[in-house]
Protein chains: 6
Amino acid sequence: MRIDGRKKDQIRHINMTRHYTKYAEGSVYIEVGDTKVLCNVSVEEKAPPFLKGTGEGWITAEYNMLPRATGNRKVRDIARLKVDGRSMEIQRLIGRALRSVVDLKALGERTLWVDCDVIQADGGTRTTSISGAFVAMVDAINKLHRTKPFKVYPIRNFVAATSVGIVDNEKLLDLCYEEDSKAKVDMNLIMTDEGSFVELQGTGEESPFSRTELDELLNLGEKGIKQMIQAQKDVLKMDSLWIGTGGNK
Amino acid sequence: MRIDGRKKDQIRHINMTRHYTKYAEGSVYIEVGDTKVLCNVSVEEKAPPFLKGTGEGWITAEYNMLPRATGNRKVRDIARLKVDGRSMEIQRLIGRALRSVVDLKALGERTLWVDCDVIQADGGTRTTSISGAFVAMVDAINKLHRTKPFKVYPIRNFVAATSVGIVDNEKLLDLCYEEDSKAKVDMNLIMTDEGSFVELQGTGEESPFSRTELDELLNLGEKGIKQMIQAQKDVLKMDSLWIGTGGNK
Amino acid sequence: MRIDGRKKDQIRHINMTRHYTKYAEGSVYIEVGDTKVLCNVSVEEKAPPFLKGTGEGWITAEYNMLPRATGNRKVRDIARLKVDGRSMEIQRLIGRALRSVVDLKALGERTLWVDCDVIQADGGTRTTSISGAFVAMVDAINKLHRTKPFKVYPIRNFVAATSVGIVDNEKLLDLCYEEDSKAKVDMNLIMTDEGSFVELQGTGEESPFSRTELDELLNLGEKGIKQMIQAQKDVLKMDSLWIGTGGNK
Amino acid sequence: MRIDGRKKDQIRHINMTRHYTKYAEGSVYIEVGDTKVLCNVSVEEKAPPFLKGTGEGWITAEYNMLPRATGNRKVRDIARLKVDGRSMEIQRLIGRALRSVVDLKALGERTLWVDCDVIQADGGTRTTSISGAFVAMVDAINKLHRTKPFKVYPIRNFVAATSVGIVDNEKLLDLCYEEDSKAKVDMNLIMTDEGSFVELQGTGEESPFSRTELDELLNLGEKGIKQMIQAQKDVLKMDSLWIGTGGNK
Amino acid sequence: MRIDGRKKDQIRHINMTRHYTKYAEGSVYIEVGDTKVLCNVSVEEKAPPFLKGTGEGWITAEYNMLPRATGNRKVRDIARLKVDGRSMEIQRLIGRALRSVVDLKALGERTLWVDCDVIQADGGTRTTSISGAFVAMVDAINKLHRTKPFKVYPIRNFVAATSVGIVDNEKLLDLCYEEDSKAKVDMNLIMTDEGSFVELQGTGEESPFSRTELDELLNLGEKGIKQMIQAQKDVLKMDSLWIGTGGNK
Amino acid sequence: MRIDGRKKDQIRHINMTRHYTKYAEGSVYIEVGDTKVLCNVSVEEKAPPFLKGTGEGWITAEYNMLPRATGNRKVRDIARLKVDGRSMEIQRLIGRALRSVVDLKALGERTLWVDCDVIQADGGTRTTSISGAFVAMVDAINKLHRTKPFKVYPIRNFVAATSVGIVDNEKLLDLCYEEDSKAKVDMNLIMTDEGSFVELQGTGEESPFSRTELDELLNLGEKGIKQMIQAQKDVLKMDSLWIGTGGNK
């Protein structure tokens, strides 16, 4: 039995609220247990300079924790004049994850700005951000599609993320903060609905891990990803990615 | 009849949710119409350097809009390496407003960090922040009081804020964004439950205003403040500031 | 009798020197008692990006204290890599005050840069800056007018500012630093020569104030503004704003 | 046959020069093919603030590319006032990798500063940095050990890194820049001499990868790591980590 | 005959006003022709960290041009978040010049902050700053001396600076801006009242210069320095550096 | 006899390696004794904004010390968000030195970026940077010349630099760090192969110097410059600057 009563291979309760704010083209408030992230996707009708004239678009992410998302108040980046290293690492990860399932040529010369602001952190904020941001991106793309239909629908796959780890020699799915802080091995998995890997980051800073352990962790993670992708489908009321001109609102 | 169907002297619907996040000592999510602000108050058991050894405490505020709180995505301060001038002005105002009703000697050598993060902006974010932050501050102070009772209860008065303005020659209470952007005169009022002024800021950038107009605006504002203070009392389930050792939770 | 021998409703000695530096289009060195500010206005033949193509111009202000304008040496902003919050607040105020009396369409696609550098501070630096910067702006506009006459003369009104406050229960006009630091209530008034308000900022951080007190302070302030505007007229050798093609030098 | 004539599972030529600069406690110039990195390790007899009084030490890394390490000149971080996101990500990786094989309690309240400055980049700069920095760290630790012997020798294992990837459907070991820029899947492996994983980062931004592909890449990577660790042993003239008081110079 | 009617070896009109601002321990407004610099010296009773406990003091300078000291408005450093390279070079020069004539041991563990703010620039702002700052420093030291007499008077020599250059093949003393911008060779000389060199900086960016030319420029410069030092003595009403406990005010 | 066994007028051993990195258009690794600097010159086919449309080019330098180039680890500029004042001063010097021997009109609208990164510092890093950067610039210019021949070859003269100083009353050529830190007078000389001065910077911060001393130091410096220019000619295998279309590689 885990700290919060879950089984080893049990993901926390997932809740996603679409259209959370009224301005963003895609806006999802995602809760995974006590971890709460607001994911807004904005559409800018301009690609970044390095893509100008190529016909391709881009997806860029920014990740930030509100100062009191954690037990101790965290000083804002602007007060230190530096982006927190951890935030930088995470926002690069979110950007790569979303780009991996989007056909940037089909998207056209646009930028999708993905803002993940953590309201409350209890472990797994990076994976939660990815899972929620995907849904917000679907909403933003579909909103675009309704007014200016894409020739090729730009999203190729669902993508979601979860964490796994080894705590007290037990392999656990979806670590909460208390588990995460005791974990010897910590791994983030990002996968598509077809079961292939988009990104895999495993760290054994406290204690290196074996190939066998890796295999078990991957099995556990695949289980979690499936549940997360099902949750995405449920909230979007879609079984497959949207290709018509009617569809979900 | 106003854009959103209100009467000239009618404030928007107010909703406050206490204990919104689980870590902050005081945490209030305040909604005034479509303006939504998360106000977290954190207690640090240390005064800022300029008060060290004086026995006095301090209250400092930070105000920030999430990038997509508005119709167009706003670049984060850290990306420009500069605090937005408007945010700077507002956070100084919030700090002054809260300090005006607190006995800093009674507070003792502590710092209250007040974080106002705007989730969605539709006019009046600065006044909404002050009204919500006051309630979060009461919760934080009372939490402290339960474990380390104050000899003198440090909060002297309720304080709340609202805006008034002149739009198309009509004096209006509590402007929404659309009204605010057409206003010739714009005034923010911060008052206590005893009806005295803590701060008064009126600007006629588009068109200077007369003393008679000022008087009418003040009348209108006083009305709004009263409603806001009643809402604070309701959500706190308190008629007067807490002085016992039992009391609200 | 006040600290410096003045009556309660007496403004300090005002001195303005026009054409103080040889390069700026408008350059005024203003002294109000021991407060000394150099106000330079520069004309740039380009509007800021957000006004490009609209035919309108803009006025923007920067306010800064030299490090030893005060009793203790103040660290330069660049050494901390941050604009001082108070300076930010003040420069926004100066900009709004000057724009309130200028027809930005008549100004045309230009930017007026207003630099207020405080050489010595003894209370009232923000109001002194506004009063001096107005005169510098008149000189800059008139210089432009002599070579490229405006169809509509862009300045609509004189504008000046002063401070009032409550010190030891006395209402006083034009506080010096020593009075300001003991004031319970502190108010800045910006008014036109027609007696209407451009901006009004009253703060009772130490002790909230009543509507009656507000009224008395406004009366006192109006008196001071009139004297300041007369001083502006005297130094400009103009009774009304310049509309001919001849005129003052 | 690969671009540079190597076999698929062949690592590039490795060359390490110890004691490259005369001041640093550990200084290694590592060349892997045309990738050249200077790795300096400095010992500071003070732990960072968050470890003060715990008896534990810390290892922190900084990674930087000289402006012309690449085909196009890269603007220095200081000119943009921002640490490059990629550099931030890499230096955090280097830090974790080295800490994973060090007993920080045994190290004592000290900080090891690891500077990896890339002189020339041709793919694999992060893995090259880790492999070279490990050797520099051994030299720095051993230098310390000779004057103030450790009770417990703080380094537990050799650690080295390499990259693998899928290019034109071929799994390749140790990608050079040209291969890396065409890779569909890119993976960095950090392993100890006991064959366990310290960190594993695989990215299929261009095209997600399957579990089977993952397995093949891991096999390939393990091969490369073994060669790299052998090279470390050769240059250090050590077969196992140093525990005596005599030993290598 | 030169642009402004001077002879080749004639320095511009020098004017120094002592006690220009009321707060700084030493405050001199120096005018050399149309170049005008406010030099304030502040005394801090604390040495910088690197001198703590050594019994020695330090002198540090900051140099800054007000935005409209020049023909075109110069963007403030804080707006670019970077100290201007030229300012940095100059303030280091001012610091070295003043330290060269002060016995830092005799000064004791104190810091003298020298602020040189250029009000109007017309060539020679760095040399003017040094000459004026010296006088302000004497005032600051003497003020200290009157309350806490030094055992050894810390200032050993007068120091002053001037510029010389080659314009249209003529060697000229004390270049104004127009001459400076046409100069092929430009040299700044800092010398003591004993005729020895403190610093010598000659630049032939436009055209290298010969040893003979150097000699002629040095002769010309020595002449200018003598006049500047005489001006310092006149304004200080001192023929030699102050050593009594009475003396100049 | 000096610390390192040299005679008073003896320069340290000079070694220059051309084509040190493979990407830069000019790349020289210069060693003067234990001082080691990597000088890379990059060609950008664009002039800076202030030269746009003039047909002229520009040369700009950046100087930086690696953190462990010195006995104590130096914090990177980016960690302090400020360019080190000394680096700023030096890079401006390097830029002026190289521009002084180049015909910027003949260069055409291009920018040469000169990066001097100090790998190991043992005195004279600025003069070493200039001497090495000149050779790298010749290589970059000649590379350009081979593909797009210049009508007028843009380099007019060889330029090199050395330091001289007074240590324990002895005049010494080319100070190493230990000598430099004891020097009473320190002078940097930059001269062309024709024996004229490009820049001359002498500082007697510890003790002012006389004209006679200056003369002796200049004699000593001229000697050192000649040797350095001979070393440049040797490594470039050129006796005079290249004007043909064949020539050195």
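Calculation rules
- Residues numbered from 1 in each chain as written.
- Chains lettered and ligands numbered in written order.
- Predicted model: local features only at pLDDT ≥ 70, side-chain atom pairs only at ≥ 80, totals over all residues.
- Heavy atoms only, no water.
- UniProt positions renumbered as here; feature names shortened; annotations may be inferred.
- Helix = DSSP H or I, 4+ residues; strand = E, 2+ residues; numbered from the N terminus.
- Salt bridge = Lys/Arg side-chain N within 4 Å of Asp/Glu carboxyl O.
- Buried < 20%, exposed > 50% of the residue type's maximum accessible area, 1.4 Å probe, protein only.
- Phe/Tyr/Trp six-rings, centres within 6.5 Å; stacked < 30°, edge-to-face > 60°.
- Lys NZ or Arg CZ within 6 Å of the ring centre and 35° of its normal.
- Axes fitted to C-alpha atoms, helices over the stretch in contact; angles between N-to-C directions.
- Parallel < 35°, antiparallel > 145°, perpendicular 65-115°, else oblique.
- Left-handed = near helix turned anticlockwise from the far one by under 90°.
- Contact = heavy atoms within 4.5 Å.
- Nonpolar A, V, L, I, M, F, W, Y, C, P; charged D, E, K, R; others polar.
- Pairing = 2+ DSSP bridges.
- Polar contact = N/O pair within 3.5 Å; in protein donor to acceptor, adjacent residues only side chain to side chain.
- pLDDT = per-residue confidence, 0-100.

**A closer look at the UniProt feature "domain: Exoribonuclease phosphorolytic" (unreviewed entry) in chain A**
Residues and elements named next belong to chain A.
Item 1. If you check UniProt for "domain: Exoribonuclease phosphorolytic" (unreviewed entry), the listed places come out as residues 10–140 and 158–223 in our numbering.
Item 2. As annotated, residues 10–140 comprises 30% helix and 31% strand, and the C-alpha atoms at either end are separated by 31 Å.
Item 3. As annotated, residues 158–223 comprises 29% helix and 42% strand, and the C-alpha atoms at either end are separated by 15 Å.

**Some details on the pattern of salt bridges**
Oppositely charged side chains can pair when the atoms bearing their charge come close.
Item 1. Overall, the coordinates contain 168 salt bridges over all chains when judged by the stated rule.
Item 2. Close ionic contact of Arg-68 of chain B with Glu-25 of chain A constitutes a salt bridge, the shortest N to O distance being 2.6 Å. On the criterion of chain membership, the pair formed by Arg-68 of chain B in the loop between strand S4 (58–65) and helix H1 (77–80) and Glu-25 of chain A in the loop between strand S1 (14–18) and strand S2 (26–32) is interchain, its members lying in two chains.
Item 3. You can call Arg-68 of chain B buried: its relative accessible area is 4%.

**Points about the packing of aromatic side chains**
Item 1. What the rule picks out here adds up to 24 aromatic pairs over all chains.
Item 2. Where Phe-50 of chain E meets Trp-58 of chain E, the ring centres are 5.1 Å apart and the plane angle is 85°; that geometry is what we call edge-to-face.
Item 3. Judged by relative accessible area, which is 54%, Phe-50 of chain E ranks as exposed.
Item 4. The ring of Phe-158 of chain A carries Lys-233 of chain A above its face, with NZ or CZ at 5.2 Å from the centroid.

**Let's talk about the packing of helix H4 (residues 125–147) of chain E against helix H6 (residues 211–236) of chain E**
Each pair of packed helices can be summarised by the angle the axes make with each other and by the distance between the axes.
Residues and elements named next belong to chain E.
Item 1. In contact at an axis separation of 10 Å, H4 and H6 are set at 30° when each is read in the N-to-C sense. Considered as vectors, H4 and H6 are oriented roughly parallel to each other. When you trace H4 past H6, the crossing you get is right-handed. Where H4 abuts H6, its residues Ser-131, Phe-134, Val-135, Val-138 and Asp-139 lie against Met-228, Gln-232, Val-235 and Leu-236.
Item 2. By residue class, the composition of the contact of H4 with H6 is six nonpolar, two polar and one charged.

**Details of the sheet that holds strand S7 (residues 170–173) of chain F**
Item 1. The eight strands are arranged S7(E)-S6(E)-S8(E)-S9(E)-S9(F)-S8(F)-S6(F)-S7(F) in an open sheet whose pairing can be described as antiparallel. Each edge of the sheet is formed by a strand with only one pairing partner; in this case those strands are strand S7 (170–173) of chain E together with S7 of chain F. Between one strand axis and the next, the sheet turns by 15° as a mean value, whatever way the strands run.
Item 2. Here six bridges tie strand S8 (residues 185–192) of chain E to strand S9 (residues 197–203) of chain E, and the two strands are oriented antiparallel to one another. By the bridge assignment for S9 of chain E, Asp-186 of chain E is matched with Thr-203 of chain E.
Item 3. Strands in contact with helix H2 (residues 85–99) of chain E are strand S6 (159–167), S8 and S9 of chain E together with strand S9 (197–203) of chain F; relative to S9 of chain E, the strand with the most contacts, it is inclined by about 150°.

**Some words on the arrangement of the chains**
Item 1. With respect to C-alpha atoms, chain C approaches chain D no nearer than 11 Å, and the pair has no contact.
Item 2. Regarding chain A and chain E, which are not in contact, the minimum distance between any of their C-alpha atoms is 11 Å.

**Description of the pairing of strand S5 (residues 111–120) of chain A**
All names here are of chain A.
Item 1. For S5, a buried count of nine out of ten residues is recorded, marking the element as mostly surrounded by other parts of the structure.
Item 2. Where strand S3 (residues 35–44) lies against S5, nine bridges are found, and the strand directions are antiparallel. For Asn-40, the partnering residue across the bridge sits in S5 and is Asp-115.

**Points about the side chain of Ser-27 of chain C**
Residue and element names in this part refer to chain C.
Item 1. Take Ser-27: it is sitting in strand S2 (residues 26–32).
Item 2. In terms of polar contacts, Ser-27 uses its side chain to reach the backbone amide nitrogen of Thr-21, at 2.9 Å.
Item 3. Residues within four places of Ser-27 in sequence aside, it is in contact with Thr-17, Arg-18, His-19, Tyr-20, Thr-21, Leu-38, Cys-39, Asn-40 and Ala-136.

**Quick word on the confidence of the model for chain A**
Residue and element names in this part refer to chain A.
Item 1. For chain A, the mean per-residue pLDDT works out to 95, and 97% of the residues sit at or above 70.
Item 2. Segment residues 245–249: pLDDT under 50, and eleven contacts once partners within four positions in sequence are set aside and those in other chains are kept.
Item 3. Here the predicted complex scores 0.94 on pTM and 0.94 on ipTM.

**What about the side chain of Gln-232 of chain D?**
All names here are of chain D.
Item 1. Its location among the elements puts Gln-232 in helix H6 (residues 211–236).
Item 2. Given a relative accessible area of 0%, Gln-232 falls into the buried group.
Item 3. Filtering out sequence-adjacent residues up to four positions away, Gln-232 remains in contact with Met-16, Ser-131, Phe-134, Val-135, Phe-158, Val-159 and Ala-160.

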